[in-house]
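So the chains spell out like this:
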Amino acid sequence: MSRLAVTSLALSHFRSHKRAALEVDPRPVAIFGPNGAGKTNLLEAVSILSPGRGLRRASAEEMTRRPEALGWKVTAEIAAERPHEIETWSEGGAARAVRIDGKTAPQIALGRIVRVLWLIPSMDRLWIEGAEGRRRFLDRAVLSFDPDHAQVTLDYEKAMRERNRLLKHEIRDPHWYGVLEARMAAAGARIHAARLDTLRALSEAQEGAETAFPTATLALEQSEGPLPGTEADLKEGFAEGRGRDMAAGRTLTGPHRTDLSAIYAAKDVPAKDCSTGEQKALLVSLILANARALADRIGAPPLLLLDEVSAHLDAGRRAALYDEIAALGTQAWMTGTGPELFEELGARAQRIEVTESGGVSEVARR
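Residues numbered from 1 in each chain as written. Predicted model: local features only at pLDDT ≥ 70, side-chain atom pairs only at ≥ 80, totals over all residues. Heavy atoms only, no water.

- An unreviewed UniProt entry lists the chain under the name DNA replication and repair protein RecF, from Histidinibacterium aquaticum.
- The record in UniProt for the chain states the following under Function (unreviewed entry): "The RecF protein is involved in DNA metabolism; it is required for DNA replication and normal SOS inducibility. RecF binds preferentially to single-stranded, linear DNA. It also seems to bind ATP."
- The record in UniProt for the chain states the following under Subcellular location (unreviewed entry): "Cytoplasm". (UniProt positions renumbered as here; feature names shortened; annotations may be inferred.)

If you want it as structure tokens, here you go:
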């Protein structure tokens, strides 16, 4: 099995880091330091080596260091099946640009080189908040298997925005709707099929592993109407729903209305009704299942970004998590307030201390 790892990471005017440079090996990376020192900013820099807006879903402008606001740059060397250099940057708040091995590239190209999964504290409320966050969580998992999923989703959303504009202005020309609904149906059927394939992969990866983390029974639900089906089903459904959608001023059915449900299998309890600790353990279980499934499918585990991973995990489960990370052979970037949180890793990990002085973050190997 090949290894995917960041071997060097350089930041310029990125968040709290005016300048930072790290040389690391493929082992897990344990990052510690006080709150507010800039630990999560390092993880965010790694997260934007993949397509999208990173683990904070921030705009390019929000990532720039203040008060200078000069723009920012992240450069990384990647060890994979073959090595790559990735540069991504933004100037003056413009959308971020990407260069791979010295050549300008679209963001979607990153997904074919770097597969990244993350777990951050804001996701702890995944099961008790709105469906949008769960769709995003699922689509990140889909993207890890299928880098083209990002473009398909963009195609669907673009066509839907145009259809919604027609609905709001009460345009009734069936030809205009037909063109947009055909595009939505083609993309929507691919989105739904990819989500189902991902759920099957996650379920198989959970069932096939001996782990200290609970198994989740996963399913897709629809907030209104039947689940998206074939391209023909979707196209027919959009056409039949025009009157109702026009009254609402938006599209009420389709894959953008899908929700992810999870049940704590051993207790047969919905995830939303579980304790905080159980909900965290279910999330960790799904991230690990995603990593195992990817390792089986593409021959290499993804990078894992685990921010404040020890929160809501007792010492036993924390040690079990580290054992699973080591067994996977993944380069996991983890944060915590003190080095003692990573004691169970021993020599299996490298350690980075992050401190802050005068509003500037500083990093050092320990």
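Some thoughts on the overall build of the chain
- The secondary structure content of the chain amounts to 8 helices and 15 strands.
- Computed over C-alpha atoms, the radius of gyration of the chain comes to 22 Å, within 12% of the 21 Å expected from 2.2 N^0.38 for 366 residues, which places it in the range of a compact globule.
- The dimensions of the chain, computed from C-alpha atoms along their principal axes, are 65 × 50 × 35 Å.
- A buried classification covers 54% of the 366 residues belonging to the chain.
- If you take every contact in the chain between residues at least 6 apart in sequence, the share linking residues at least 24 apart comes to 71%.
- In the form shown here, the chain has an accessible surface area of approximately 16,000 Å², with 50% of it arising from carbon and sulfur atoms. (Helix = DSSP H or I, 4+ residues; strand = E, 2+ residues; numbered from the N terminus. Rg over C-alpha atoms; globule rule 2.2 N^0.38 Å. Buried < 20%, exposed > 50% of the residue type's maximum accessible area, 1.4 Å probe, protein only. Contact = heavy atoms within 4.5 Å. Areas by Shrake-Rupley, 256 points an atom, 1.4 Å probe, with all protein chains shown as cover.)

Describing the side chain of Thr64
- Structurally, Thr64 can be placed in the loop between helix H1 (39-47) and strand S4 (72-79).
- Relative accessible area serves as the criterion here: at 8%, Thr64 is assigned to the buried category.
- In this structure the side chain of Thr64 is engaged in a polar contact, spanning 3.2 Å, whose partner is the backbone nitrogen of Gly71.
- Those residues within four positions of Thr64 in sequence are excluded, and the remaining contacts are His13, Arg15, Ala69, Leu70, Gly71 and Trp72. (Polar contact = N/O pair within 3.5 Å; in protein donor to acceptor, adjacent residues only side chain to side chain.)

Concerning the UniProt feature "binding site: ATP" (unreviewed entry) in the chain
- Annotation from UniProt places "binding site: ATP" (unreviewed entry) at Gly33, Pro34, Asn35, Gly36, Ala37, Gly38, Lys39 and Thr40.
- Inspection of the secondary structure puts Gly33 in the loop between strand S3 (29-32) and H1.
- Each residue touching Gly33, except ones within four places of it in the same chain, is listed here: Lys39, Gly336, Thr337 and Val354.
- As for its placement among the helices and strands, Asn35 is situated in the loop between S3 and H1.
- Judged by relative accessible area, which is 64%, Asn35 ranks as exposed.
- With residues near it in sequence (within four places) discarded, Asn35 still touches Glu308 and Thr337.

Some details on the sheet that holds strand S11 (residues 269-270)
- Read across the open sheet, the 3 strands follow the order S9-S10-S11; overall the sheet is antiparallel. Across the chains shown, the open sheet's two edge strands, defined by having one partner strand only, are strand S9 (216-222) and S11.
- Here strand S10 (residues 258-264) pairs with S11 via 2 bridges, running antiparallel. Bridging across to S11, Tyr264 finds its partner in Val269. (Pairing = 2+ DSSP bridges.)

Section: the nonpolar core
- Of all hydrophobic cores here, the largest spans 86 residues; its most connected members are Leu321 and Trp333.
- If one sorts the elements of this core by residue count, helix H7 (residues 276-298) sits on top with 8 residues.
- When near neighbours in sequence (up to four residues on either side) are disregarded, Leu321 contacts Phe213, Val284, Leu288, Leu306, Val309 and Leu313. (Core = buried A, V, L, I, M, F, W, Y, C linked by side-chain atoms within 4.5 Å.)

Quick look at the packing of aromatic side chains
- Going through the model one piece at a time under the given rule, you end up with 2 aromatic pairs.
- Taking NZ or CZ as reference, Lys73 lies 5.9 Å from the ring centre of Trp89, over its face.
- Just above the ring of Tyr264 sits the side chain of Lys267; from NZ or CZ to the centre is 5.4 Å. (Phe/Tyr/Trp six-rings, centres within 6.5 Å; stacked < 30°, edge-to-face > 60°. Lys NZ or Arg CZ within 6 Å of the ring centre and 35° of its normal.)

A few points about the environment of Leu110
- In this structure, Leu110 sits in the loop between strand S7 (103-104) and strand S8 (116-119).
- Owing to a relative accessible area of 0%, Leu110 belongs among the buried residues under this scheme.
- Once you skip the residues sitting within four places of it in the chain, Leu110 turns out to touch Ile48, Leu49, Ser50, Pro51, Ile86, Arg96, Val98 and Ile100.

Some details on the packing of helix H4 (residues 174-207) against helix H5 (residues 231-240)
- The interhelical angle for the contact between H4 and H5, taken along N-to-C directions, is 140°, at an axis separation of 8 Å. In terms of orientation, H4 lies oblique with respect to H5. Judged by the twist between their axes, the crossing of H4 over H5 is right-handed. Residues Glu181, Ala182, Met184, Ala185, Ala186, Gly188 and Ala189 of H4 pack against Glu231, Leu234, Lys235, Phe238 and Ala239 of H5.
- By residue class, the composition of the contact of H4 with H5 is 8 nonpolar, 1 polar and 3 charged. (Axes fitted to C-alpha atoms, helices over the stretch in contact; angles between N-to-C directions. Parallel < 35°, antiparallel > 145°, perpendicular 65-115°, else oblique. Left-handed = near helix turned anticlockwise from the far one by under 90°. Nonpolar A, V, L, I, M, F, W, Y, C, P; charged D, E, K, R; others polar.)

A word on the environment of Ala332
- Locating Ala332 in the fold gives a position in strand S13 (residues 332-336).
- In this structure, the C-alpha to C-alpha distance between Ala332 and Val269, residues 63 residues apart in sequence, is 30 Å.
- What Ala332 contacts, discounting residues up to four positions off in sequence, is Pro28, Val29, Leu304 and Ile325.

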